Amino acid sequence: MTTMSMVKALGSGLRLAMEHDPKVLVMGEDVGRLGGVFRVTEGLQKDFGEGRVIDTPLAESAIVGTAIGLTFRGFRPVVEIQFDGFVYPAYDQIVSQVAKLHFRSKGSVRMPLVIRIPFGGGIGAIEHHSESPEAQFAMTAGLKVVACADPHDAHWMIQQAIASDDPVVFMEPKRRYWETGDVDTESASVPLFSSRVVRPGRDATVIAYGPMVRTCLDSAAAAEADGVDLEVIDLRTLSPLDLAPVVESVRRTGHAVVVHEASRTLGLGAEIAARITEECFYSLESPVQRVTGYDMPYPPSRAEHDFLPGLDRILDAVDRARAY
Amino acid sequence: MNPLTVDDGSPEVPLVQLLTPEGRRTAHPDYSFDGDRAEIESLYRDLVMTRRVDTEAFALQRHGELGLWPPALGQEAAQVGSARALRPHDFAFPTYRDHGVAWCRGVDPGLLLGIYRGSELGGWDPADHQLALPNIIIGSQTLHATGYGMGLTLEGLVGTGDPDRDSAVIVYFGDGATSQGDVSEALDWASVHQSPVVFFCENNQYAISAPVATQTRAPIVQRAAGFGLPGVRVDGNDVLACRAVTETALQRARDGQGPTLIEAVTYRMGAHTTSDDPTRYRESAEVDEWRAKDPIDRVRLLLEAEGTAPELFADLQTEADALGVHLREACRLIPEPDLAELFDHVFVESTVENQQQRAEHVAWQASIEGSVA
């Protein structure tokens, strides 16, 4: 067990994956000499060379498009999209090519590609640097989408994503990059595409992923002071969804609150609410609550505190559910 | 000058030509075709067969067997000449119109039909023919080729001096594609990384209805200079010249001297697809002008002048007829796609949701079996 930040945990995971498999490449804007704008890839180019840690031209479509070509030669590229809001030029390559080539070829082409995207707000950034586009990828058949929430998962999930023979969009909660946590370097504890209960509780089920897991745990701690016992589930995988722990939990608690930074309409919360309704209809004691970003483009950062789900809004939703 | 005049080879950029429309060999200071008559006869065969594939598929569409067909008519020399310059271990990324490239890579032309019958999204395993699946999103594949080329370099398969080892990749795209950002990104990236890529632009003058002047003010080949790679403009209806310039570009790539942009000036004699009506946007006089530059007629004129036996032409006719029969049969033998089976190809490692929906579909089908649709 060792303590490290998520940035270091991701970096050490990438390093292990590169040591393990010479076909693993890291590519993106500023990932080499600089070590990435968040320093996730720090030191990798020095140790693995410019052939395996590639500073690319400033062209996101090309970063993903060339990574596709590299997979035809058996490489396993890990591409870094510098910020969430910069992924859209690559959207066509991701949706029209990455997601479809295996299907089009009836399985003969494989796309073992990882697309890392630092996402979410809460860091006081300028426009296009705080977005949560995960639902756009989760709704695209042919892609798998995961989000890590803490250093331990970051360290292991990146290695598991690289080992996956399917393309994985890997969402990293940038506001949690510098928070430290315990990393068990001996064991991943759970497979990549599985959700897990991060705090057991009796009174209501709070479902989150990425940056909101920490916020929900803080909410649960606050609720505890008021005698309310919240169960918090970290989804970890957004596509495919692993809702078995959620279903089991909601059948016990009767209340579900889904939390994400992304806008509400057609966000992950909508799908999760539908699935909970399908699976837990007779156990539900209240409608599934959603605590999300509002349906507006990401606001100027001085307003983000009011835009993002926080402790008070989450607890208010829990109260509304329990009072229903 | 009419701003919409088609760009048939602006005089400021010379056009490499080794065989005139009249069937006369011409010399060029930088490029030559060194094959013998048998080699030309073999190219001629590929041209004739490509056209037959195209004619037959067009007819199959008109008979209702295919939903759509994008004709390669008129572009056979560009496709055959360039593809015949490839070595077996080179790789190619085609567009949806490159039937001649698929023919030269040994793909059974019957496999080209599935996409257009609505039965397939692909047709072959790219590894079997060193040929990617045809790309419908315009220009995307230029980036895939660039990445593939980077891969060759990383694997040490470029510039070793060993002809059995050194490899290159060619990517096909049209004049319309040059307006796509991906194509500019690919040219830039391949140049920066000195990747072993040959960018082969079939400038067939039209992107559906939009003439090339809609896409660009400057000849396409001139873009190469801005990205720092050599560019060459070739008569795309001259199979000998297309073969020669592509061979040179591929060898440069294999030798580790980086990418080349080739602009093959040709003409889409047919419609964009069988759903298109080109009489709405171009004059028949223009089509007639290009018909006089037919890529196949000129090779036949050359071969006849050089003494090819008349039996060869007769034999090719017989072979083409047999190919037509094969295509018609192959088309009818294409199995109907099975949705249940398609679920199995969404992922390498299937998901619970995928399996649940597959089961849902299978159960639904079983429940309605025998009922009137």
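Not measured: the values here are computed from a predicted model.

Student: Go over the overall build of chain B, please, and point to the residues and values.
Tutor: Along the backbone of chain B there are 15 helices and 7 strands. Computed over its C-alpha atoms, the radius of gyration of chain B comes to 22 Å, within 12% of the 21 Å expected for a compact globule of 373 residues. When each of the 373 residues of chain B is scored for burial, the buried share is 47%. A sequence separation of at least 24 residues applies to 77% of the contacts in chain B between residues at least 6 apart.

Student: An account of the overall build of chain A is needed here, citing residue identities and associated values.
Tutor: Of regular secondary structure, chain A possesses 12 helices and 14 strands. A globule of 324 residues ought to have a C-alpha radius of gyration of about 20 Å, and chain A, at 19 Å, matches this closely. By principal-axis analysis of the C-alpha atoms, chain A measures approximately 60 × 40 × 40 Å. The buried share of chain A, reckoned over its 324 residues, is 58%.

Student: Run through the domain arrangement of chain B, naming residues and quoting values.
Tutor: Looking at chain B, the domain boundaries give domain 1 (37-333) and domain 2 (339-368). The distance between the C-alpha centroids of domain 1 of chain B and domain 2 of chain B comes to 37 Å.

Student: If you had to explain the packing of helix α3 (residues 60-72) of chain A against helix α4 (residues 91-98) of chain A to someone new, which residues and values would you point to?
Tutor: A packed helix pair is summarised by two numbers, namely the angle formed by the two axes and the spacing between the axes. Residue and element names in this part refer to chain A. Contact geometry for α3 and α4: axes closest at 7 Å, N-to-C directions at 25 degrees. The orientation of α3 with respect to α4, classified from their angle, is roughly parallel. Together, Ser 61, Val 64, Gly 65 and Ile 68 of α3 and Asp 92, Gln 93, Ile 94, Gln 97 and Val 98 of α4 make up the contact between the two elements. Among the residues making up the contact of α3 with α4, the classes are represented as 4 nonpolar, 4 polar and 1 charged.

Student: Quick rundown of the pairing of strand β13 (residues 256-263) of chain A? Include the residues and the values.
Tutor: Of all 8 residues in β13 of chain A, 7 are buried; the element is thus mostly enclosed. Between β13 of chain A and its parallel partner strand β14 (residues 289-293) of chain A, the chain crosses via helix α10 (residues 268-280) of chain A, and the hand of that crossover is right-handed.

Student: Summarise the domain arrangement of chain A; cite the residues concerned and give the values.
Tutor: Often, the extent of an interface is quoted as the loss of accessible area upon association of its parts. All names here are of chain A. Domain annotation for chain A reports domain 1 (2-183) and domain 2 (196-323). Between the C-alpha centres of domain 1 and domain 2 there is a distance of 26 Å. Residue-level contacts link 24 residues of domain 1 with 22 residues of domain 2. For the side of domain 1 that touches domain 2, the secondary structure elements donating two or more residues are α6 (134-138), β6 (144-147) and β7 (168-173). A total of 4 residues in the side of domain 1 that touches domain 2 trace back to one element, the largest contributor, which is β6. Tallied by class, residues from the side of domain 1 that touches domain 2 come to 11 nonpolar, 6 polar and 7 charged.

Student: Tell me what's going on with helix α7 (residues 151-163) of chain A, and back it up with residues and numbers.
Tutor: Residues and elements named next belong to chain A. The terminal C-alpha atoms of α7, which comprises 13 residues, lie 19 Å apart, in line with the 18 Å expected from a rise of 1.5 Å per residue. Most of α7 sits out of view: 12 of its 13 residues are buried. Taken as a whole, α7 has its buried residues at Pro 151, His 152, Asp 153, Ala 154, His 155, Trp 156, Met 157, Ile 158, Gln 159, Gln 160, Ala 161 and Ile 162.

Student: Outline the interface of chain B and chain A, supporting the account with residue identities and numerical values.
Tutor: Listed as interface residues are 34 residues of chain B and, on the opposing side, 33 residues of chain A. Among the secondary structure elements, those contributing two or more residues to the side of chain B that touches chain A are α5 (126-129), α6 (140-154), α7 (181-192) and α15 (352-368) of chain B. The leading source of residues in the side of chain B that touches chain A is α6 of chain B, at 11 residues.

Student: Break down the sheet that holds strand β12 (residues 237-239) of chain A for me, with residues and values.
Tutor: Residue and element names in this part refer to chain A. Reading across the sheet, the 7 strands line up as β3-β2-β4-β5-β7-β6-β12 and stay open at both edges, with mixed pairing between neighbours. A strand with exactly one partner marks an edge of an open sheet, and here the two such strands are β3 (53-55) and β12. On average, adjacent strands in this sheet sit at an angle of 20 degrees to one another, irrespective of strand direction. Alignment of β6 against β7, held across 4 bridges, turns out to be parallel. In the strand pairing of β7, Val 146 is matched with Phe 170. Relative to β7, α7 is tilted by about 165 degrees, and along the sheet it contacts β2 (24-28), β4 (76-80), β5 (114-119), β6 and β7.

Student: Report on the nonpolar core, specifying residues and quantitative values.
Tutor: The biggest cluster of nonpolar side chains holds 185 residues, and the ones touching the most others in it are Val 206, Ile 207 and Val 257 of chain A together with Ile 262 of chain B. Here this core gets 10 residues from one element, more than from any other, and that element is helix α1 (residues 37-62) of chain B. Not counting the four nearest positions on each side in its chain, Val 206 of chain A is found in contact with Cys 216, Ser 219, Ala 220, Leu 230, Glu 231, Val 232, Val 257, Val 259 and Ile 314 of chain A.

Student: If you had to explain the environment of Met 296 of chain A to someone new, which residues and values would you point to?
Tutor: Mapped onto the secondary structure, Met 296 of chain A falls in the loop between β14 and α11 (304-307). Separated by 81 residues in the primary sequence, Met 296 of chain A and Thr 215 of chain A have C-alpha atoms spaced 21 Å apart.

Student: Just give me the short version of α15 of chain B, but keep the residues and values in it.
Tutor: All names here are of chain B. Under the 1.5 Å per step criterion, the end-to-end length of α15 is 24 Å for 17 residues, consistent within 8% with the ideal 24 Å. Counting buried residues in α15 gives 0 out of 17 residues, a small share hidden from the surface. One or two residues past the end of α15 sits Gly 370, with phi positive at roughly 90 degrees.

Student: Any chance you could break down the packing of helix α1 (residues 6-20) of chain A against α7 of chain A for me, citing the residues and the numbers?
Tutor: Residue and element names in this part refer to chain A. The interhelical angle for the contact between α1 and α7, taken along N-to-C directions, is 30 degrees, at an axis separation of 8 Å. Compared by their axis directions, α1 and α7 come out roughly parallel. The chirality of how α1 crosses α7 is right-handed. Between α1 and α7, the contacting residues are Met 6, Ala 9, Leu 10, Ser 12, Gly 13, Leu 14, Leu 16 and Ala 17 on the first element and Pro 151, Ala 154, His 155, Trp 156, Ile 158, Gln 159 and Ile 162 on the second. Per-class residue counts for the contact of α1 with α7 are 11 nonpolar, 4 polar and no charged.

Student: Please set out the sheet that holds strand β6 (residues 231-235) of chain B residue by residue, giving values where relevant.
Tutor: Residue and element names in this part refer to chain B. The sheet built from 5 strands is open, its strands ordered β1-β2-β3-β7-β6 with parallel pairing. Each end of this open sheet is capped by a strand with a single partner; those strands are β1 (91-93) and β6. Here the strands of the sheet are splayed against their neighbours by 20 degrees on average, with no regard to which way each runs. Both β6 and strand β7 (residues 260-265) contribute to a ladder of 5 bridges, which runs parallel. Looking at the pairing, Val 234 lines up with Ala 264 of β7. Its contacts with the sheet place α6 against β1, β2 (169-174) and β3 (197-203), and it is angled at close to 170 degrees to β2. Contacts between helix α10 (residues 239-254) and the sheet are confined to β2, β3, β6 and β7, with β7 contributing the most and set at about 170 degrees to the helix.

Conventions and cut-offs
Throughout this document, residue positions are counted from 1 along each chain, in the order its sequence is written. In the order they appear in the text, chains get letters beginning with A and ligands get numbers beginning with 1. Per-residue local features are limited, in this predicted model, to residues with pLDDT of at least 70; the limit for side-chain atom pairs, both in listing and counting, is 80 or more; totals at the level of whole chains, interfaces and linings are taken over all residues. What counts as a helix is a DSSP run of H or I of at least four residues, what counts as a strand is a run of E of at least two, and both are numbered from the N terminus. C-alpha atoms define the radius of gyration, and 2.2 Å times the number of residues to the power 0.38 defines the globule rule. Here a residue counts as buried when 20 or more other C-beta atoms sit within 10 Å of its C-beta, as exposed when there are 12 or fewer, and as partly exposed otherwise, the C-beta atoms being derived from the backbone. The contact rule is simple: place each C-beta atom from the backbone, and if two of them lie within 7 Å, those residues are in contact. Segmentation of the chain into domains, including their bounds, is taken from an automatic or database domain assignment. Angles shown run from 0 to 180 degrees and are taken between the N-to-C directions of axes, each axis being a line fitted to C-alpha atoms and, for helices, limited to the stretch in contact. If an angle is under 35 degrees, it is roughly parallel; if it is over 145, roughly antiparallel; if it lies from 65 to 115, roughly perpendicular; otherwise it is oblique. Residues are sorted three ways: Asp, Glu, Lys and Arg are charged, Ala, Val, Leu, Ile, Met, Phe, Trp, Tyr, Cys and Pro are nonpolar, and all the rest, Gly among them, are polar. Handedness of a crossover is defined as follows: orient the strands so they point away from the viewer, and if the path from the first strand over the helix to the second runs clockwise, the crossover is right-handed. Multiply 1.5 Å by the residue count of a helix minus one, and that product is the helix's expected span. Strand pairing is assigned whenever DSSP identifies at least 2 bridges connecting the two strands. By our criterion, buried Ala, Val, Leu, Ile, Met, Phe, Trp, Tyr and Cys residues that link up through C-beta atoms within 7 Å make up a nonpolar core. In this scheme, a crossing is called left-handed if the near helix is turned counterclockwise away from the far one by less than a right angle; it is called right-handed if the turn is clockwise.

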